[in-house]
Amino acid sequence: MTRPVLNRPPTLAFVCEACDAPVVVILEASRPSVLCRSCGGGAPLAVEPAALAARRVDRCQRCGYERLYVQKDFNRKIGLAVFVVAALLSVPTWGLSLLAATIIDLALYFALGDVTLCYACGAQHRGFVTNPAHGAFDLHVAEETDRRARTA
């Protein structure tokens with residue numbers, strides 16, 4: 001299902017190869033690279049003006065790789081913490097805390113948007129319409145991409 005994009009600019013988030021610091025950049029067609037705020041190292045970008053104009057990503061805007069996948073834009077640690085707290089409270093609440101956590105999880109599933117990730121570099125593309133050509137994470141594609149990177 002394609003969700004409407006919020007009125008926010010398309011962004012790209014990835015990890016700096018030099019210092020492992022997070023880098024977040026607003027994508028612009030005229031930006032061929034970005035500097036890491038932590039170490040000052042440069043990182044090239046593969047920004048496609050057509051993808052920005054259509055707000056639809058077909059290939060990674062960081063490395064240019066064509067294999068991407070989609071997942072919910074939600075912090076997994078927070079989701080796990082909600083269910084740990086619900087499990088701890090399940091005895092005194094007679095299990096109602098687990099039901100409440102499930103309802104919260106279901107509401108968040110429908111309320112939150114999607115993020116598109118690159119198999120090769122892990123870059124996160126936000127502010128784009130979900131491309132139906134990109135499915136959920138596939139372990140076989142991830143392993144194929146990992147093998148490709150090691151042999152290159």
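All values derive from a computational prediction rather than experimental measurement.

Peer 1: Could you give an account of the overall build of the protein, with specific residues and numbers?
Peer 2: Helix and strand counts for the protein come out as 4 helices and 7 strands. The order of α-helices and β-strands along the protein, N terminus first, is β-β-β-β-α-β-α-α-β-β-α. When the backbone C-alpha atoms are referred to their principal axes, the protein occupies close to 55 × 35 × 35 Å. Burial statistics for the protein: of 152 residues in total, 32% are counted as buried.

Peer 1: Break down unusual backbone geometry for me, citing the residues and quoting the values.
Peer 2: A positive phi angle is found at Asp20, which is not glycine, with a value near 65°. Mapped onto the elements of the fold, Asp20 is located in the loop between β1 (11-15) and β2 (22-26). A positive phi is found at Trp94, a non-glycine position, where the angle reads about 60°. Along the polypeptide, Trp94 turns up in the loop between α2 (76-88) and α3 (96-111).

Peer 1: Go over the sheet that holds strand β7 (residues 124-126) with me, naming the residues and quoting the values.
Peer 2: If you walk across this open sheet you meet the 5 strands as β2-β1-β7-β6-β5, and the pairing is antiparallel. Two strands close off the open sheet at either side, each with one partner strand: β2 and β5 (68-72). Sheet twist, expressed as the mean angle between neighbouring strand axes with direction ignored, is 25°. Sheet analysis places strand β6 (residues 114-118) next to β7, joined by 2 bridges and oriented antiparallel. Each residue of the ladder has a partner; that of Leu117, found in β7, is Gln124.

Peer 1: Residues and numbers for the pattern of salt bridges, please.
Peer 2: The tally for this structure, following the rule as stated, stands at 7 salt bridges. Residues Arg67 and Glu144 are paired through a salt bridge, measuring 3.8 Å at the closest nitrogen-oxygen approach. Taken together, the residues Arg67 in the loop between α1 (49-54) and β5 and Glu144 in helix α4 (residues 139-151) connect sequence positions 77 residues apart. With a relative accessible area of 34%, Arg67 lands in the partly exposed category.

Peer 1: Provide a residue-level description of the packing of α2 against α3, including the pertinent values.
Peer 2: α3 packs onto α2 with a crossing angle of 160° between their chain directions and a minimal axis gap of 8 Å. The orientation of α2 with respect to α3, classified from their angle, is roughly antiparallel. The two elements α2 and α3 meet at a crossing, and its hand is right-handed. Of the residues in α3, those touching α2 at Val82, Phe83, Ala86 and Ala87 are Ser97, Leu98, Ala101, Thr102 and Asp105. Residues of the contact of α2 with α3, tallied by class, amount to 6 nonpolar, 2 polar and 1 charged.

Peer 1: Would you mind going over the packing of aromatic side chains in detail, with residue names and values included?
Peer 2: All told, the structure shown has 4 aromatic pairs when counted by the stated rule. Summarising the aromatic geometry, the rings of Tyr69 and Tyr119 are spaced 4.7 Å apart at their centres and angled 45° between planes, so their arrangement reads as tilted. Separated by 50 residues along the polypeptide, Tyr69 in strand β5 and Tyr119 in the loop between β6 and β7 bring together distant segments of the chain. Tyr119 matches Tyr69 in its accessibility class, with the two residues each being buried. Ring centres of Tyr119 and Phe137 lie 5.7 Å apart, and the angle between their planes is 35°; on these two criteria the pair is classed as tilted. Of the two residues, Tyr119 is situated in the loop between β6 and β7 and Phe137 in the loop between β7 and α4; the sequence distance between them amounts to 18 residues. Phe137 gets classed as partly exposed once you look at its relative accessible area, which sits at 45%. Here the aromatic residues Tyr69, Tyr119 and Phe137 are joined through ring pairs into a cluster of three or more. For the cation-ring pair, Arg62 lies above Phe14, with the distance from its terminal atom to the ring centre recorded as 4.6 Å.

The rules behind the values
- Residues numbered from 1 in each chain as written.
- Predicted model: local features only at pLDDT ≥ 70, side-chain atom pairs only at ≥ 80, totals over all residues.
- Heavy atoms only, no water.
- Helix = DSSP H or I, 4+ residues; strand = E, 2+ residues; numbered from the N terminus.
- Buried < 20%, exposed > 50% of the residue type's maximum accessible area, 1.4 Å probe, protein only.
- Pairing = 2+ DSSP bridges.
- Axes fitted to C-alpha atoms, helices over the stretch in contact; angles between N-to-C directions.
- Salt bridge = Lys/Arg side-chain N within 4 Å of Asp/Glu carboxyl O.
- Parallel < 35°, antiparallel > 145°, perpendicular 65-115°, else oblique.
- Left-handed = near helix turned anticlockwise from the far one by under 90°.
- Contact = heavy atoms within 4.5 Å.
- Nonpolar A, V, L, I, M, F, W, Y, C, P; charged D, E, K, R; others polar.
- Phe/Tyr/Trp six-rings, centres within 6.5 Å; stacked < 30°, edge-to-face > 60°.
- Lys NZ or Arg CZ within 6 Å of the ring centre and 35° of its normal.

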